[in-house]
Amino acid sequence: MSIITELAQQAKQAARTLAILDESQKNAVLTDMAAAIRANKDKIIAVNEKEVARAKENNLDAAMIDRLILDDERIESMAEGIEVIVELDDPVGKERVFGTRPNGIEIKKMRIPLGVVCMIYEARPNVTADAGALCFKSGNAVILRGGKEALDTSLAIAELMQETLEKHNLPKALVTVVPNPDRALMQELMEQRDYIDVIIPRGGEGLINYVTENSKVPVIQHFKGVCHLYVDSDADLDNALEILLNGKTQRTGVCNALEGLVVHQAVAGEFLPRVAQAFKEHNVKVHVDSKGASYFEGADVIDESGYGEEYLGLEIAIRVVDDFDGAIDHIAQFGSNHTEVICTKDKAKAKLFQRAVDASVVMVNASSRFSDGSQLGLGAEIGIATTKLHAYGPMGLESLTSEKYLVNGEGQIRA
């Protein structure tokens, strides 16, 4: 038996132990996991620093290195994320009445875990803690296959979580990190449909395409984050500029960063000079259409073929549109179903935007950077689904469950 099949079998078996745990028991384990991560932050950072140094020696791009780095603040955020999950209601076992048939049979539906979740991801060691905690509370075992860049850090975090599980007499296979980044083992993971219920890839578009095309296990997809800010004709331009800068410059290597700016022609003459000055100060490279080019010095003038890029850096594509419908059309053509934002003071137009735009998160007068599980009250997220089966947007506890029917009768038989 291969190591991957063995890990998958162990995870499947371990997941059964969660069926008998109540919410208070789960919360006690999670509380201890957060404490273990916090108490061992120096150990985690020491391992992580070596991996970051290797990544720099190997000339990994800045976005990848940013995702790899763990410091005191990010480790504290991991621990706090687990503690937030403790405070959230456990969806498992929740029932809702679905109806009563004329023959007296009562139909209910009950929330149940998916079973075994497999995460395939690149240089994001924090995923180990986020995914482990979310899957545990939602009743799922998790198998984590990270990239080689973050393997040692992920193993260090997982070891602390596994030690906590064993202290509570639970199998450590509930949280498993594949100890070898060999691509052949990843392929074998994607063939374990007898033991793994769903695969969630997180990383670059190439990784997600590879998993989607090769997996025999159902895949929840998130190809890329091409997020736009649309500044409407009646927007508060001060707020719009703040939202733009926060979305573009606060942290560039994340999927909820802004990659596109769409501006109504009625405010372009007032707003774009302010944007040009701010982007000059922040060293943001601008790609802009011919209508907006005159406002920017040294900008790259583009046509339609230049839109839809996920830069993951200090770059942005700008377009001036004739009207509200033009903005909707642009987003429909070049968005990635991730996050879209409108700045407007018109409540009716804001509501229309939220209904018309096909994205997993649609915001009004708020930064795209809030499109994040922790910011939306999920505690953390196991991924962001940009396709609609069976989840859409940041995935928290409920997205890691399904429902089964409960049928209660009193001896009825079908005629």
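- Going by an unreviewed UniProt entry, the protein carries the name Gamma-glutamyl phosphate reductase and comes from Alteromonas genovensis.
- As recorded by UniProt, the Pathway (unreviewed entry) comment attached to the protein reads in full: "Amino-acid biosynthesis; L-proline biosynthesis; L-glutamate 5-semialdehyde from L-glutamate: step 2/2."
- Per its UniProt entry, the protein bears the Subcellular location (unreviewed entry) comment "Cytoplasm".

## Side note on the packing of aromatic side chains
The description of an aromatic ring pair rests on the distance of the ring centres and on the angle between the ring planes.
Thought 1: A full pass over the atoms with the stated rule returns five aromatic pairs.
Thought 2: Ring plane angle 85 degrees and centroid distance 5.5 Å describe the contact between Phe98 and Tyr405, whose orientation is recorded as edge-to-face. Highlighted residues: Phe98 in strand S1 (residues 95–100) and Tyr405 in strand S16 (residues 401–408), separated in sequence by 307 residues.
Thought 3: Ring geometry for Phe324 against Phe353: centres 6.4 Å apart, planes inclined by 70 degrees, an arrangement best described as edge-to-face.

## Some remarks on the domain arrangement of the protein
Thought 1: What the domain assignment reports for the protein is domain 1 (3–221 + 390–407) and domain 2 (227–376).
Thought 2: Using C-alpha coordinates to define each centre, domain 1 is positioned 33 Å away from domain 2.
Thought 3: In this complex, domain 1 contributes seven residues to the contact, which on the side of domain 2 involves 14 residues.
Thought 4: Of the roughly 750 Å² buried between domain 1 and domain 2 on both sides combined, carbon and sulfur atoms contribute 51%.
Thought 5: Of all residues in domain 1, the largest losses of buried area upon contact with domain 2 belong to Arg67, Tyr392 and Pro394, amounting jointly to 60% of the total for that side.
Thought 6: Residue Asp66 is joined to Arg251 by a salt bridge in which the shortest nitrogen-to-oxygen separation is 2.8 Å.
Thought 7: If you look at where domain 1 meets domain 2, you find three residue pairs in polar contact (both at pLDDT 80 or more).
Thought 8: Counting residues per element, the ones that place at least two in the side of domain 1 that touches domain 2 are helix H4 (62–68) and strand S15 (393–394).
Thought 9: Here the side of domain 1 that touches domain 2 takes three residues from H4, the largest share from any one element.
Thought 10: Here the residues of the side of domain 1 that touches domain 2 are counted per class, giving three nonpolar, one polar and three charged.

## Quick look at the pattern of salt bridges
Thought 1: Following the criterion strictly, the structure yields 22 salt bridges and no others.
Thought 2: In this structure, the salt-bridge partner of Glu159 is Lys43, at a minimum N-O distance of 3.9 Å. Placement of the pair is Glu159 in helix H7 (residues 151–167) and Lys43 in helix H3 (residues 41–57), with a sequence separation of 116 residues.
Thought 3: Judged by relative accessible area, which is 35%, Glu159 ranks as partly exposed.
Thought 4: Taking the relative accessible area as the measure of exposure, Lys43 reaches 38% and is therefore partly exposed.
Thought 5: The closest approach of N and O atoms between Arg202 and Glu381, which form a salt bridge, is 3.8 Å.

## Examining the side chain of His287
Thought 1: For His287, the position within the fold is in strand S9 (residues 285–288).
Thought 2: Residue classification places His287 among the buried positions, given a relative accessible area of 8%.
Thought 3: For His287, the side chain forms a polar contact with the side chain of Asp300, separated by 2.7 Å.
Thought 4: There is a polar contact of 2.6 Å between the side chain of His287 and the side chain of Glu315.
Thought 5: In contact with His287, not counting residues within four places along its chain, are Asp300, Ile302, Tyr311, Glu315, Ile316, Ala317 and Ile318.

## A look at helix H6 (residues 126–137)
Count 3.6 residues to each turn of an α-helix, and residues three or four apart come out pointing the same way.
Thought 1: Across its 12 residues, H6 extends 17 Å between first and last C-alpha, which sits within 8% of the 16 Å expected from 1.5 Å per residue.
Thought 2: Of all 12 residues in H6, 11 are buried; the element is thus mostly enclosed.
Thought 3: If you check which residues of H6 are buried, you get Val127, Thr128, Ala129, Asp130, Ala131, Gly132, Ala133, Leu134, Cys135, Phe136 and Lys137.
Thought 4: With its phi angle positive at about 85 degrees, Gly139 sits one or two positions after the end of H6.

## A closer look at the sheet that holds strand S7 (residues 227–231)
Thought 1: Taken together, seven strands build an open sheet; the order of strands is S10-S9-S11-S8-S7-S12-S13 and the sheet is parallel. Two strands close off the open sheet at either side, each with one partner strand: strand S10 (300–301) and strand S13 (361–364).
Thought 2: In terms of strand pairing, strand S12 (residues 339–343) meets S13 through four bridges, oriented parallel. The residue bridging Thr339 from the neighbouring strand is Val361, located in S13.
Thought 3: Contacting S7, strand S8 (258–264), S9 and strand S11 (315–321), helix H11 (residues 265–281) crosses the sheet at an angle of about 145 degrees to S8.
Thought 4: In this fold helix H13 (residues 347–356) packs onto S7, S12 and S13, with an angle of close to 170 degrees to the strand it touches most, S13.

The rules behind the values
- Residues numbered from 1 in each chain as written.
- Predicted model: local features only at pLDDT ≥ 70, side-chain atom pairs only at ≥ 80, totals over all residues.
- Heavy atoms only, no water.
- UniProt positions renumbered as here; feature names shortened; annotations may be inferred.
- Phe/Tyr/Trp six-rings, centres within 6.5 Å; stacked < 30°, edge-to-face > 60°.
- Helix = DSSP H or I, 4+ residues; strand = E, 2+ residues; numbered from the N terminus.
- Domains from an automatic or database assignment.
- Contact = heavy atoms within 4.5 Å.
- Buried area = accessible area lost by both parts, 1.4 Å probe.
- Salt bridge = Lys/Arg side-chain N within 4 Å of Asp/Glu carboxyl O.
- Polar contact = N/O pair within 3.5 Å; in protein donor to acceptor, adjacent residues only side chain to side chain.
- Nonpolar A, V, L, I, M, F, W, Y, C, P; charged D, E, K, R; others polar.
- Buried < 20%, exposed > 50% of the residue type's maximum accessible area, 1.4 Å probe, protein only.
- Expected span 1.5 Å × (residues − 1).
- Pairing = 2+ DSSP bridges.
- Axes fitted to C-alpha atoms, helices over the stretch in contact; angles between N-to-C directions.

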